[in-house]
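Architecture at a glance
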Amino acid sequence: MDGPFEDDDTVGLMTVVIGPDAPARLDKALAAAVPEKAALSRSRLMRMIAEGAVSRAGLAVTDPKTRVAEGEVYALRLDPAAAVETRAEAIPLSVVWEDADLVVIDKPVGMVVHPAPGSPSGTLVNALLHHCGASLSGIGGERRPGIVHRIDKDTSGLLVVAKSDRAHHGLARQFEDHSVARHYLAVVQGVPQASDARLRGLRGISFEAGGILRIATHLARHRTDRQRQAVVWDQGRHAVTRARVVEAFAGQAALVDCWLETGRTHQIRVHLAYAGHGLVGDPTYGGKRRLGAALGAGAEVGNSFPRQALHAASLGFDHPVTGERLEFFSPLPADMAGLIAALRAG
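Each helix and strand counted, the protein has 8 helices and 17 strands in total. Dimensions along the principal axes, computed over C-alpha positions, put the protein at roughly 80 × 45 × 40 Å. Taken over 346 residues, the protein has a buried fraction of 46%. When the accessible surface of the protein is totalled, it reaches about 16,500 Å², and 50% of it is carbon and sulfur.

Listed below in structure tokens is the structure:
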């Protein structure tokens, strides 16, 4: 054998040779020896070990803590991707781009991304299972789409979904190292300004060159309402949002371009609400503030807007297989375009 990995002539069988300086445990040693192109995570390797799909000299090795030695040869049985219980549904999708490894979707308002107890059907995953069909090569051993990021049910716009394990791993790494470019357009109450002493006095808020608002806090579940997120400081997860005013409307509201350094649940909505500029129409974080008479008829449109005015407008990332840089843009949906037109008209 020329190296630590070979493809066996038998379909679904992979041969791995333990190399020098390998970790002592079987699961860790396999994770180090299996090449990136195989797209086998350590968690999947551990499942394979437990299921008897890893063997040495014809005998299954089922303990992930088994000690290994240099030169040992292990056979990994790669079973076909298992079907999932989630039902495929013929739901129309706006597909922006697709190849064998990825699909980019422009999600409409009202669609949940992933099935959950309150939304077992009608989700993006249900729709993708039908749309992709046999082209799903398997994520973690299951024939399902790989969800690497989500947008809220009532937020519209772009998201990328993996169709293969190799794409799933590559995309996940880019989201972890914050190299994915995601810009959102939001309509907020008030106009964030660097001259606002109140805003400058809030912990975690600063302004960068060009009047860019930077909000850096930790986010965690609200102490009393488990459906909400809250700004915290001594726990939770680090979160950074940047925002730039694109257009102001009579000092009462603004169209804001927001981009994420991190991607936490409800991040933009929570951060802008913390800054005192909650999203127009946001039923959870928008607060009781209402647009005033200076906006004329636009105030009525804004105050009755039925969802958070937030749209995932652009998405950029490196294709996890080809390395090509991909950039996608989504126009504003009709309801947000109408809201902005009404605010502009006053």
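For the rest of this paragraph, the subject is the pattern of salt bridges. Between side chains of opposite charge, a pair can form as their charged atoms come close. What the rule picks out here adds up to 16 salt bridges. Across the pair Asp318 and Arg325 runs a salt bridge, and its minimum N-O distance is 3.3 Å. A relative accessible area of 36% means that Arg325 is categorised as partly exposed. Connected via shared salt-bridge partners are Glu208, Arg214, Arg242 and Glu261.

We now examine the nonpolar core. The biggest cluster of nonpolar side chains holds 34 residues, and the ones touching the most others in it are Tyr184, Leu213, Cys258, Ile268 and Leu272. Residues within four places of Cys258 in sequence aside, it is in contact with Arg182, His183, Tyr184, Ala186, Arg242, Ala243, Ile268 and Leu272.

Topologically, Val103 is positioned in strand S7 (residues 102-107). Classification of Val103 as buried rests on a relative accessible area of 1%. Ignoring anything within four residues of it in the chain, the contact list for Val103 reads Val95, Trp97, Glu98, Leu128, Leu159, Val160, Val161 and Lys163.

Here we take up the packing of aromatic side chains. Within the structure shown, the criterion is met by 3 aromatic pairs. With a centroid separation of 6.0 Å and an interplanar angle of 50°, the aromatic rings of Trp97 and Phe328 are classed as tilted. Placement of Trp97 in strand S6 (residues 95-98) and of Phe328 in strand S17 (residues 325-329) is noted, with a sequence separation of 231 residues between them. When its relative accessible area of 8% is taken as the criterion, Phe328 is described as buried. Both rings, one in Trp233 and one in Tyr274, keep their centres 6.3 Å apart while their planes meet at 65°; by these two values the pair is edge-to-face. Within this pair, whereas Trp233 is found in the loop between strand S13 (229-232) and strand S14 (237-249), its partner Tyr274 is found in helix H6 (residues 267-274), the two being separated by 41 residues in sequence. Residue class for Trp233 comes out partly exposed when judged on its relative accessible area of 27%. In this arrangement the basic side chain of Arg203 is found over the ring face of Trp233, its NZ or CZ atom lying 4.1 Å from the centre.

Within the secondary structure, Leu129 is located in helix H3 (residues 124-132). You can call Leu129 buried: its relative accessible area is 11%. Through-space distance from the C-alpha of Leu129 to that of Ala29 is 34 Å; in sequence the pair is 100 residues apart.

Moving on to the packing of helix H1 (residues 26-33) against helix H2 (residues 42-50). Look at H1 against H2: their axes get within 9 Å of each other, and the N-to-C directions meet at 125°. Between H1 and H2, the angle is such that the two are oblique. Considering the relative orientation of H1 and H2, their crossing is right-handed. Residue-level inspection shows Leu26, Asp27, Lys28, Leu30 and Ala31 of H1 in contact with H2, the latter providing Arg42, Leu45, Met46 and Ile49. Partitioning the contact of H1 with H2 into residue classes produces 6 nonpolar, no polar and 3 charged.

Extensive coverage of H3 is indicated by the burial of 7 of its 9 residues. All of the buried residues in H3 are Leu124, Val125, Asn126, Ala127, Leu128, Leu129 and Cys132. For H3, the elements touching its buried residues are S6, S7, strand S8 (146-147) and strand S9 (156-162).

All right, on to the pairing of strand S15 (residues 253-260) then. Consecutive side chains along a regular strand alternate between the two faces of the sheet. Where burial is concerned, most of S15 is hidden: 8 out of the 8 residues are buried. Because side chains alternate across S15, one face comprises the buried residues Ala253, Leu255, Asp257 and Trp259, and the other comprises Ala254, Val256, Cys258 and Leu260, equally buried. Counting the residues in the hairpin turn of S14 and S15 gives 3 residues, including Ala250, whose phi is positive at 55°.

Moving on: helix H8 (residues 334-345). Here H8 is 12 residues long and its end C-alpha atoms lie 16 Å apart, about the 16 Å a rise of 1.5 Å per residue gives. Of all the positions in H8, only Met336, Leu339, Ile340, Ala342 and Leu343 are classed as buried. For H8, the angular spread of buried residues about the axis comes to 160°, placing them on one side. Set apart from the buried face of H8 by more than 90 degrees, the exposed residues are Ala334, Arg344 and Ala345. If you follow the buried residues of H8, they end up packed against strand S10 (181-189), S14, S15, helix H7 (297-303) and strand S16 (310-318). Remark: Gly346 follows H8 within two positions and exhibits a positive phi of approximately 70°.

Let's shift gears to the environment of Ala220. Checked against the element boundaries, Ala220 lands in strand S12 (residues 212-221). Put simply, Ala220 and Trp233 are 13 residues apart on the chain and 9.3 Å apart in space, counted from C-alpha to C-alpha. Ala220 has contacts with Arg228, Gln229, Ala230, Val232 and Gly236, leaving out every residue within four places of it along the chain.

Parameters at a glance
- Residue positions are counted from 1 within each chain, in the order its sequence is given.
- Local features in this predicted model are restricted to residues whose pLDDT is 70 or higher, and side-chain atom pairs enter the listing and the counts only when it is 80 or higher, whereas totals over whole chains, interfaces and linings include all residues.
- Only heavy atoms go into the side-chain values, all of them from the structure, while hydrogens and water stay out.
- Only DSSP runs of H or I reaching four residues or more are called helices, and only runs of E reaching two or more are called strands; each is numbered from the N terminus.
- Throughout this description, buried means an accessible area under 20% of the type-specific maximum (1.4 Å probe, protein chains only), exposed means over 50%, and partly exposed covers the range between.
- Here, Shrake-Rupley sampling with a 1.4 Å probe gives the accessible areas, and only protein chains in the shown set may cover a residue.
- Salt bridge, as used here, is a side-chain nitrogen of Lys or Arg placed within 4 Å of a carboxyl oxygen of Asp or Glu.
- Only buried residues count toward a nonpolar core, which is a set of Ala, Val, Leu, Ile, Met, Phe, Trp, Tyr and Cys residues joined through side-chain atoms within 4.5 Å.
- Residue contacts follow a heavy-atom distance rule, with two residues in contact if any of their heavy atoms lie within 4.5 Å.
- Note on ring pairs: Phe, Tyr and Trp rings are taken, using the six-membered ring of Trp, and paired if centres are within 6.5 Å. Classes follow the plane angle, with under 30 degrees stacked, over 60 edge-to-face and the rest tilted.
- For a lysine, the NZ atom is tested; for an arginine, the CZ atom; a charge sits over a ring if that atom is within 6 Å of the ring centre and within 35 degrees of the ring normal.
- Every axis in this analysis is a line fitted to C-alpha atoms, fitted for helices over the stretch in contact. Angles between the N-to-C directions lie between 0 and 180 degrees.
- Should an angle fall under 35 degrees it is taken as roughly parallel, and over 145 as roughly antiparallel, whereas 65 to 115 is taken as roughly perpendicular and any remaining angle as oblique.
- By convention, the crossing between two helices is left-handed when the near helix turns anticlockwise from the far helix through less than a right angle, and right-handed when the turn is clockwise.
- Throughout this entry, Asp, Glu, Lys and Arg are counted as charged residues, while Ala, Val, Leu, Ile, Met, Phe, Trp, Tyr, Cys and Pro are counted as nonpolar. The remaining residues, Gly among them, count as polar.
- Whether two strands pair depends on DSSP finding at least two bridges between them.
- Take the number of residues in a helix, subtract one, and multiply by 1.5 Å to get its expected span.
- As used here, the arc belongs to the directions running from the helix axis to the C-beta atoms.

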